[in-house]
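# Fold and geometry: a report
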Amino acid sequence: MAVIGRNMERRVKPLANWLREEGAFEEVETFSPSGAADKGWRELMKKYPSGVPEEVARRSLMFREDEAWIRRMVEEGYTKVDAGEPPGYGPSTFYEMERREVYGR
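Residues numbered from 1 in each chain as written. Predicted model: local features only at pLDDT ≥ 70, side-chain atom pairs only at ≥ 80, totals over all residues. Heavy atoms only, no water.

Moving on: the packing of aromatic side chains. By the definition in use, this model includes three aromatic pairs. Judged by centre distance (5.7 Å) and plane angle (55 degrees), the ring pair of F31 and W69 falls under tilted. Here the residue F31 occupies a position in the loop between β2 (28-30) and α2 (35-47), and W69 occupies one in helix α4 (residues 61-75), the gap between them amounting to 38 residues. The class of F31 is buried, set by a relative accessible area of 6%. (Phe/Tyr/Trp six-rings, centres within 6.5 Å; stacked < 30°, edge-to-face > 60°. Helix = DSSP H or I, 4+ residues; strand = E, 2+ residues; numbered from the N terminus. Buried < 20%, exposed > 50% of the residue type's maximum accessible area, 1.4 Å probe, protein only.)

Okay, here's the thing in structure tokens:
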């Protein structure tokens, strides 16, 4: 199974769909937040339209769920496919956490 962390919609989903279509892996899984985490994150995005501050993002339910998910994927030994960060965007708090969990840096 391939595992792809939550990243920008236009990067992760197309890659996951391509991996499925190509039959590269038996299964392809992407992070899916709970309804509460998704709702909370949408509220934070409204409150901070220029970008959710890192310290706020790290305390969010979305971040905690993503962190728990990627740790589980690493612990269970799944193949990880790194979609990378989209060009032209600043550093992502989520992506940096995922990189630390996957690569230990």
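Anyway, onward from the coordinates.
What follows concerns the environment of L19. Among the structural elements, L19 can be located in helix α1 (residues 9-22). Counting along the chain gives 62 residues from L19 to V81, while the straight-line C-alpha distance between them is 9.8 Å.

Summarising the element assignment, Y95 is placed in helix α5 (residues 93-103). Using a relative accessible area of 11% as the deciding quantity, one classes Y95 as buried. Put simply, Y95 and G84 are eleven residues apart on the chain and 7.9 Å apart in space, counted from C-alpha to C-alpha.

Here S60 is to be found in the loop between α3 (54-59) and α4. Judged by its relative accessible area of 7%, S60 falls in the buried class. From its side chain, S60 meets the backbone nitrogen of F63 in a polar contact 3.1 Å long. (Polar contact = N/O pair within 3.5 Å; in protein donor to acceptor, adjacent residues only side chain to side chain.)

The next thing to look at is the pattern of salt bridges. With the rule as written, the count across this model stands at eight salt bridges. We note a salt bridge from E101 to R71, for which the minimum N-O separation is 3.1 Å. Here R71 lies in helix α4 and E101 lies in helix α5, a separation of 30 residues in the sequence. R71 gets classed as partly exposed once you look at its relative accessible area, which sits at 37%. Salt bridges sharing partners connect three or more residues here, namely E29, R72 and E76. (Salt bridge = Lys/Arg side-chain N within 4 Å of Asp/Glu carboxyl O.)

With that settled, the discussion passes to the nonpolar core. In terms of nonpolar packing, the biggest core is built from 14 residues, with W41, L44, V52, A57, M62, W69 and F94 touching the most fellow members. Among the elements of the structure, α2, α3, α4 and α5 are those that each provide at least two residues to this core. The residues contacting A57, other than those within four sequence positions of it, are W41, V52, F63, T93 and F94. (Core = buried A, V, L, I, M, F, W, Y, C linked by side-chain atoms within 4.5 Å. Contact = heavy atoms within 4.5 Å.)

Another aspect to go through is α2. Spanning 13 residues, α2 covers 18 Å between terminal C-alpha atoms, matching the ideal 18 Å at 1.5 Å per step. Considered for burial, the residues of α2 that qualify are A37, W41 and L44. Buried residues along α2 cover an arc of 60 degrees about the axis, so they all sit on one side. Turned more than 90 degrees from where α2 packs its buried face, G35, A36, K39, R42 and K46 sit exposed. Of the surrounding secondary structure, the elements contacted by the buried residues of α2 are α3, α4 and α5. (Expected span 1.5 Å × (residues − 1). Arc of directions from axis to C-beta.)

Everything listed is a geometric property; what it means functionally is a separate question.
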